[in-house]
Amino acid sequence: MSVFNQSRSRIIRLIFLLAFVVIIIQLFYLQVVSDKFSRLADENAILRKTIYPPRGLILDRKGNAILKNVLTYDLMVTPSQAKGIDTVFFCRLLEIDTAEYRKRIVNAIIKNKSFRPSVFEASLSPQKYARIQENLWRFQSGFYIQERPIRSYPYSAAANIFGYLGEVDTNYLKKHIEDGYVSGDYAGMTGLEASYEKALMGERGMQVLLKDNFNRIQGSYENGALDVEAAAGSNLYTSLDIELQQLGEKLMSNKVGSIVAIDPKTGSIIAMVSSPTYEPGYLTGPERRKHFSELYTDARLPLLNRAVNASYAPGSTFKTLQALVGLGEGVISTTTTFSCSGAFYGCGSGKPMGCLDPGTYYLKTGITHSCNTYFANVMQRVINNPKYPNVDSSLRAWNNYMYAFGLGHRLGVDVPTEQKGNIPTPEYFNNPKRFGPGKWNFCSFRSVSIGQGEVTATPLQVANEMAYIANKGWYYIPHIVDSIEGGDKFGLLDKYKQKVIPMNLADSIFEAVHDGMQGVMESGTGRGSKIPGIVVCGKTGTVENYANIKGQLVKQPNHSFFCAFAPRENPRIAIMCVVENSGRFGGTYAGPIVSLMIEKYINDTIDAKRKPLEERMASINLIPPLMKQKMRTKDSLQRVKEEEKALKNELKIIKDTLQSEDNLTEADIRAGKSSDNKQPRDTQHKKPVKTDMMAPEKQKGSGLNKKDTASK
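What counts as what
- Residues numbered from 1 in each chain as written.
- Predicted model: local features only at pLDDT ≥ 70, side-chain atom pairs only at ≥ 80, totals over all residues.
- Heavy atoms only, no water.
- Phe/Tyr/Trp six-rings, centres within 6.5 Å; stacked < 30°, edge-to-face > 60°.
- Helix = DSSP H or I, 4+ residues; strand = E, 2+ residues; numbered from the N terminus.
- Buried < 20%, exposed > 50% of the residue type's maximum accessible area, 1.4 Å probe, protein only.
- pLDDT = per-residue confidence, 0-100.
- Contact = heavy atoms within 4.5 Å.
- Salt bridge = Lys/Arg side-chain N within 4 Å of Asp/Glu carboxyl O.
- Polar contact = N/O pair within 3.5 Å; in protein donor to acceptor, adjacent residues only side chain to side chain.
- Core = buried A, V, L, I, M, F, W, Y, C linked by side-chain atoms within 4.5 Å.
- Pairing = 2+ DSSP bridges.
- Axes fitted to C-alpha atoms, helices over the stretch in contact; angles between N-to-C directions.
- Parallel < 35°, antiparallel > 145°, perpendicular 65-115°, else oblique.
- Nonpolar A, V, L, I, M, F, W, Y, C, P; charged D, E, K, R; others polar.

Draft legend 1. Quick peek at the packing of aromatic side chains. All chains considered together, the criterion is met by 29 aromatic pairs. When the centroid spacing of 5.3 Å and the interplanar angle of 50° are considered together, the rings of Phe405 and Tyr468 count as tilted. Here Phe405 is found in the loop between helix H16 (391-404) and helix H17 (426-430), whereas its partner Tyr468 is found in helix H18 (residues 459-470), with 63 residues between them in sequence. With a relative accessible area of 0%, Tyr468 lands in the buried category. When the centroid spacing of 5.6 Å and the interplanar angle of 70° are considered together, the rings of Tyr468 and Phe510 count as edge-to-face. Highlighted residues: Tyr468 in helix H18 and Phe510 in helix H19 (residues 507-522), separated in sequence by 42 residues. Of the two residues, Tyr468 and Phe510, neither departs from the other in class, the shared state being buried.

This is the structure in structure tokens:
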């Protein structure tokens, strides 16, 4: 063999050898190093299914489960694997159109990438679940059914306390990046569901399942060796009395306002009513989004928890605190008297502040008969106290008392979005837009002395101040959850175990205020709300309020306030009620409601003789006029939208039936409906025949064509 041929043979052998080595290396990489094909094989044969743990239950003070779980089924999609399916048939099963299908797929990709599972439709109805389950094998590995526990509410009450669950969005995922949430998970958005999410959520598990070539589940993979069990969430034990809560919601039917009841010895909340409310199960199930939209746009604001989110001028209930300040500062004693001739004239030529019952009062009778003049004089003495160098420092001292009583700051209740109310400060009055430094005095804010003007408080704060007065100078931060099953691993309850003693006032000061509050119930403004056999200390309040209508402040019907604690000795309940825009005094509506709540809690029942009062209070409709107007406006707009939707549906049906795009418009349908509704009448003039409805041969020579007729 020639040298040339030998050289060429070696080159060819070397090329084959190199190719063989490359093939061996590639095979080694694909089979040993790379997991790409293994992963693809797994995706075709294995389903990794998230197991959502049952959320913790919520129980009331008697051990009743007031918030439970039931199973629902979500349809999950992995967009990258949902290809080549019969989308028309699939859409028919889910009762959607192909445009909606594409929209959901795109949303899933945007929210969670194409290769990750996302919720395609949450909480399938039983009918849809049955249809999908029967045909799931047709859709390869793109879709699967995911079990998920959702909430159920055996007592249909306390919606604003519990809150609701919602699907986590990108903002939630960013805020809770260390908590392991993924798109499609649900978490507490409001109420106790949000405050105790860490305790309630539990830990997700994983089930690895084997599929056949028709995407049907064949059982556990490797006998469940790779499965991870889910850990259920912890149960919450609350102080709520669910029967009392139900009674409160019944009494506040067709009213706007709130009731808050606290056990003064522990700070535990017994009932927290916000009205109007909603059926708690309304925000679960397949129509959750639709229902949420309805509630969100409701003029009555049922999603607003007025117990912690609404601030009101407290009115005459505030006089109990003014009495504590006056006695604590030493500017009055229990025997100090002030005379009222019908109004407070202590600010010179300014408009006098009226008083309902002229007379001469000392502390007890001033509280009992709620004399405005008495408490205007008390606060005037506090602000003009000579021991303070100027009005700034005396108002600051008054502020300190109010902060100690729990006003002007958030208490820290375990229900989210608590508001702090308002206590006016020197900085507020020193603002040039208000008065400016040195340009104000007591007469600038005299209405604060009777709980009007610049002072506001939440219902929770007013109930807490009743607990403070009942305990003679201390309270626990109000809270709903008393304990957590398995212990408080996250320290969520620590602050509720600490007694708050903000300042030292003598017991005799509180006893003097108790005397006046007991007098309210026995011979004063709350005497109509007495409870046989129970000594109640109470205080009425009638609160003026205004609404901003088109830039003008317009006087509205008064709010009705009532707050109390009972019994006087060893008190078991501190409570307040506000009925917005009732137009009457505190003892007219709020007083009887509070008395029924106290009786039910202490006696565990309402006496048969007072049952008619319960039914009367529950049946009275006190929805404010302004709210009714907004409701009517919304209903009118809703009817217009529904009519527009009905017209569009009718037009679509006509077009689908005639298989043509050149058909009636919405205006044509409206005109047709209008003419159909008119009564026929005799006439000598015949209307021209509509030639567009005639056979083609009869239209000839009419001088009209289809275009002319359509535009007529």
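Structure's up, so let's keep going.
Draft legend 2. How the structure looks around the confidence of the model for the chain. Per-residue confidence for the chain averages 85 on the pLDDT scale, and 84% of its residues sit at or above 70. Contacts of residues 657-662 to residues separated by more than four positions or lying in other chains number 4 contacts, the stretch itself having pLDDT below 50. This model gives residues 676-712 a pLDDT under 50, and the stretch forms 11 contacts once residues within four places in sequence are excluded.

Draft legend 3. A look at the pattern of salt bridges. Applying the stated criterion across every chain yields a total of 25 salt bridges. The salt bridge involving Asp604 is made with Lys62; its shortest N-O contact spans 3.6 Å. Of this pair, Asp604 sits in the loop between helix H20 (590-603) and helix H21 (611-619) while Lys62 sits in the loop between strand S2 (58-59) and strand S3 (65-77), and the two are 542 residues apart along the sequence. Because the salt bridges share partners, they merge into one network encompassing Arg55, Arg151, Glu193 and Glu197.

Draft legend 4. Up close: the side chain of Asn545. As for its placement among the helices and strands, Asn545 is situated in strand S20 (residues 537-549). On the basis of relative accessible area, Asn545 is assigned to the buried category, the value being 13%. Side-chain polar atoms of Asn545 contact the side chain of Asn581, separated by 3.1 Å. Excluding residues that lie within four positions of it along the chain, Asn545 makes contacts with Val554, Lys555, Gln556, Pro557, Asn558, His559 and Asn581.

Draft legend 5. Here's a closer look at the nonpolar core. Counting 131 residues, the largest nonpolar core has Trp398 and Ile598 as the members making the most contacts within it. When sequence neighbours within four positions are dropped, the list of residues in contact with Trp398 reads Phe318, Gln322, Val325, Met379, Val382, Ile383, Ile423, Pro424 and Val448.

Draft legend 6. Quick peek at the sheet that holds S20. On the basis of which strands lie adjacent, the open sheet formed by 5 strands has the order S12-S11-S22-S21-S20 and antiparallel pairing. The outermost strands of the open sheet, each flanked by one partner alone, are strand S12 (268-275) and S20. For this sheet, the mean inter-axis angle between neighbouring strands, taken without regard to orientation, is 10°. Each of strand S11 (257-263) and S12 is contacted by helix H10 (residues 242-251), which is oriented at about 25° to S12, the strand it contacts most.

Draft legend 7. Quick peek at the packing of H10 against H21. Running from amino to carboxyl end, H10 crosses H21 at an angle of 55°, the nearest separation of the two axes being 7 Å. In terms of their interaxial angle, H10 and H21 are classed as oblique. Contacts from Leu247, Lys250 and Leu251 of H10 reach H21 at Glu614, Glu615, Met617 and Ala618. The residue makeup of the contact of H10 with H21, split by class, is 4 nonpolar, no polar and 3 charged.

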